[in-house]
Amino acid sequence: METEIYKRGMDAAVEQAEKSWAEGGIPIGSAILSKAGEIVAAGHNQRVQQGDPTAHGEMDCIRNAGRRRDWHELTIVSTLSPCAMCTGTIILHKVPRVIIGENITFQGREDWLKAEGVEVINLNDERCIALMQRMIRERPELWNEDIGIPPSE
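Residues numbered from 1 in each chain as written. Predicted model: local features only at pLDDT ≥ 70, side-chain atom pairs only at ≥ 80, totals over all residues. Heavy atoms only, no water.

Next up on the list: the overall build of the protein chain. Across its full length, the protein chain holds 7 helices and 5 strands. In sequence order, the protein chain lays out its α and β elements as α-β-β-α-α-β-α-β-α-β-α-α. Radius of gyration (C-alpha) of the protein chain: 14 Å, near the 15 Å computed for a compact globule of 153 residues. Taking the principal axes of its C-alpha atoms as reference, the protein chain extends roughly 50 × 25 × 25 Å. A buried classification covers 51% of the 153 residues belonging to the protein chain. Within the protein chain, counting contacts between residues at least 6 apart in sequence, those at least 24 apart form 55% of the total. Summing over all exposed atoms, the protein chain offers an accessible surface of approximately 7,600 Å²; the carbon and sulfur share of this is 49%. (Helix = DSSP H or I, 4+ residues; strand = E, 2+ residues; numbered from the N terminus. Rg over C-alpha atoms; globule rule 2.2 N^0.38 Å. Buried < 20%, exposed > 50% of the residue type's maximum accessible area, 1.4 Å probe, protein only. Contact = heavy atoms within 4.5 Å. Areas by Shrake-Rupley, 256 points an atom, 1.4 Å probe, with all protein chains shown as cover.)

This is the structure we're talking about:
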């Protein structure tokens, strides 16, 4: 896949992240690209909106993609480095490539992806970094909830 295709996927993922933030949620978005580079699904973090701790951006996107037999040909794009739950789902479905927007604000399980032979490409996208830094600055309690840090007493 070419860099322009990755950018198109990241643009869709960023749009989803901004949608989540506008809804009062966590600004993480995802898109799935076909082998030809077409966007086949998109989704965003909906933990707050749905009250569902498993409704991460990648999980919402995967759900929106529906039942498929071509996971081994797809690329998942996420604005943030995937957590263990999302990484496990990516590995389970044998997705060969993950494009991430950034891993500065959160280092997910890229090590696990790579150990399973998944190609991981970090775009270090300034939009993704800015969205997450803003959320962490403005709503730190929400961020801590999302990554599993207990409230301080």
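The tally for this structure, following the rule as stated, stands at 1 aromatic pair. Their ring planes at 90 degrees and their centres at 5.9 Å tell us that Phe106 and Trp143 sit as a pair that is edge-to-face. One end of the pair, Phe106, is in the loop between strand E4 (97-100) and helix H5 (110-115); the other, Trp143, is in helix H7 (residues 140-146), with 37 residues separating them in the sequence. Residue classification places Phe106 among the partly exposed positions, given a relative accessible area of 22%. A residue is classified by how much of its surface remains accessible, and Trp143, at 6% relative accessible area, is buried. (Phe/Tyr/Trp six-rings, centres within 6.5 Å; stacked < 30°, edge-to-face > 60°.)

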